[in-house]
Amino acid sequence: MDFGKIRKILGTPFYEAPNCAIYNIDCLEGMKRIDKPFAHLTVTSPPYNIGKEYEKLLPLQEYIQWSAEWIHEIYRLTLPTGAFWLNLGYISIPKRAKAIPIPYLLWDRIPFYLIQEVIWNYGAGVAGRKFLSPRNEKFLWYVKDNGVYTFNLDDIRDPNVKYPKQKKHGKLKCNPNGKNPTDVWQFPKVTSGKNRQSKERTPHPAQFPEAVIERIIKASSNKQEVVFDPFMGSGTTSVVALRLERPVLGFEIRSDYCQVAADRIDDFLRKWEFEKSQLRLPL
Ligand SMILES: C[S@@+](CC[C@H](N)C(=O)[O-])C[C@H]1O[C@@H](n2cnc3c(N)ncnc32)[C@H](O)[C@@H]1O
């Protein structure tokens, strides 16, 4: 990506590092100002309109309309071979649904081609007496063109997926690097609280686990291809993209979260540089 061109359009970023820029901006406004497609892969999780501290609650139809607008902008800015991974949860609709999957409300407002819905299943969640404890969210995997998209299956094979009868006549029948990880993924949520706080936890209340994003970025992009997160939050997508050698652009409307992301990226880059310098030491 030409960060110089992005700078000319959007001005000085809140934070920048080699192959990385973060803008403290309303993503819809930011995207509308960029004229040409640049994103190989967008990975994001928007507000769910459920009253989180970073949300302005909207009437349902307005929320759907707003979502359709920013999704259209992502579509416009996605390169022809690019992909869009969208993480969505549930929303309650008075008198209709305790918790309706948000993808049901948006399914006909998304111009991308839907490859698959991936279920992210986790252990931590809400307890229930009159309903089953919710323990999943969805990741919807979209592409711009279903004839030419990237899928690096070998980079995400799961050595822990076990199938019965893996051997025939003493020979391994399956790929020794592991199986296709299927469309149900089990990764722990990023948790907070005494004694159960995840190591990667930041002050952001809705952080992606790095392991989920790593699988997505490896599967749907190649090194040096641009990753974009318009609802960047604590910067999980950015840190993982940089670790996997993909340039990254992030937008976030709150400056305090931009700062969380900037500190997190700085911390990562410092450790990474240190590790590289250790590898360069003569034995
Ligand atoms: C679900 S959180 C994303 C968390 C992120 N995936 C992470 O790992 O930290 C959604 C984020 O979108 C931000 N946001 C809400 N409206 C926005 C907008 N119009 N433009 C840019 N960011 C926005 C919120 O402040 C919040 O940090």
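Along every chain, residues carry numbers that run from 1 in the direction the sequence is written. Reporting of local features is limited, given that this is a predicted model, to residues whose pLDDT is at least 70; pairs of side-chain atoms are given and counted only at 80 or more, and all residues count toward the totals for whole chains, interfaces and linings.

Draft legend 1. Looking closely at the overall build of the protein chain. Along the protein chain, the regular secondary structure elements total seven helices and 13 strands. Relative to the compact-globule value of 19 Å for 283 residues, the protein chain shows a C-alpha radius of gyration of 20 Å, a close match. Dimensions along the principal axes, computed over C-alpha positions, put the protein chain at roughly 60 × 60 × 50 Å. Burial analysis of the protein chain (283 residues in total) assigns 30% to the buried set. C-beta atoms are placed from the backbone for every residue, and two residues are taken to be in contact when these atoms lie within 7 Å. The contacts of the protein chain with a sequence gap of at least 6 include a subset with a gap of at least 24, amounting to 65%. Numbering of helices and strands starts at the N terminus; helices are DSSP runs of H or I of at least 4 residues and strands are runs of E of at least 2. What the globule rule says is 2.2 Å times the number of residues to the power 0.38, and the radius of gyration is computed from C-alpha atoms. Put plainly, a residue is buried at 20 or more neighbouring C-beta atoms within 10 Å of its own, exposed at 12 or fewer, and partly exposed in between, counting only other residues' C-beta atoms, which are placed from the backbone.

Draft legend 2. How the structure looks around the packing of helix 5 (residues 210–220) against helix 6 (residues 236–243). Relative to each other, helix 5 and helix 6 sit at 55 degrees, their axes nearing to 9 Å. Between helix 5 and helix 6, the angle falls in the class oblique. The hand of the helix 5/helix 6 crossing is right-handed. Residues Glu210, Ile213, Glu214 and Ile217 of helix 5 lie in contact with helix 6, whose contacting residues are Thr236, Thr237, Val239, Val240 and Ala241. For the contact of helix 5 with helix 6, a count of residues per class yields five nonpolar, two polar and two charged. Every axis corresponds to a line fitted to the C-alpha atoms, with the helix fit spanning only the stretch in contact, and the corresponding angles, defined between N-to-C directions, vary from 0 to 180 degrees. Here roughly perpendicular refers to angles of 65 to 115 degrees, roughly parallel to angles under 35, roughly antiparallel to angles over 145, and oblique to all remaining angles. Two helices that cross are described as forming a left-handed crossing if the nearer one is turned anticlockwise from the farther one by less than a right angle, and a right-handed crossing if clockwise. Just so you know the grouping, Ala, Val, Leu, Ile, Met, Phe, Trp, Tyr, Cys and Pro go in nonpolar, Asp, Glu, Lys and Arg go in charged, and all remaining residues, Gly too, go in polar.

Draft legend 3. Local environment of the sheet that holds strand 13 (residues 248–252). Strand pairing is assigned whenever DSSP detects at least two bridges linking the two strands. The strand order 1-2-13-12-3-4-8-7-11 describes an open sheet built from nine strands, whose pairing is mixed. The open sheet terminates on both sides in strands that have one partner only, identified here as strand 1 (15–17) and strand 11 (184–186). On average, each strand axis in the sheet is inclined to that of its neighbour by 15 degrees, with strand direction left out of account. Judged from the three bridges that link them, strand 12 (residues 227–229) and strand 13 form a sheet pairing that is parallel. Within strand 13, the residue paired with Phe228 across the bridge is Leu249. Each of strand 3 (39–44) and strand 4 (78–88) is contacted by helix 3 (residues 60–77), which is oriented at about 150 degrees to strand 4, the strand it contacts most. Sitting on the sheet, helix 5 touches strand 3, strand 4, strand 7 (113–121), strand 11 and strand 12, and the angle it makes with strand 3 is about 160 degrees.

Draft legend 4. Quick look at the environment of Tyr15. Residue placement: Tyr15 occurs in strand 1. Remark: the alpha-carbon pair of Tyr15 and Asp263, spanning 248 residues in sequence, is separated by 9.5 Å. Filtering out sequence-adjacent residues up to four positions away, Tyr15 remains in contact with Ile22, Cys258 and Ala262.

Draft legend 5. Quick peek at unusual backbone geometry. Even without being glycine, Asn49 reaches a positive phi, approximately 65 degrees. The exposure class assigned to Asn49 is buried, which follows from the 21 C-beta atoms found within 10 Å. A positive phi angle is found at Lys95, which is not glycine, with a value near 65 degrees. Positionally, Lys95 belongs in the loop between strand 5 (90–93) and strand 6 (97–101). Taking the number of C-beta atoms within 10 Å as the measure of exposure, Lys95 has 4 and is therefore exposed.

Draft legend 6. Representation of the site of the ligand within the structure. The rule is simple: place the C-beta atom from the backbone, and if it lies within 6 Å of a molecule or strand, the residue is near it. Near the ligand lie 21 residues; those nearest to it are Tyr54, Phe231, Gly233, Ser234 and Thr236. Mapped by element, the contributors of at least two residues to the shell around the ligand are helix 2 (27–33) and strand 13. Residue composition of the shell around the ligand, grouped by class: 12 nonpolar, six polar and three charged.

Draft legend 7. Quick peek at the packing of helix 6 against helix 7 (residues 255–280). Orientation of helix 6 relative to helix 7, taken along the N-to-C sense of each, is 20 degrees, at an axis distance of 9 Å. As judged from the angle between their axes, helix 6 and helix 7 are roughly parallel. Here the hand of the crossing between helix 6 and helix 7 comes out right-handed. Facing Ser238, Val239, Leu242 and Arg243 of helix 6, the residues of helix 7 in contact are Ala261, Arg264, Ile265 and Phe268. Taken together, the residues of the contact of helix 6 with helix 7 sort by class into five nonpolar, one polar and two charged.

By themselves, these are just geometric observations and shouldn't be taken as functional.
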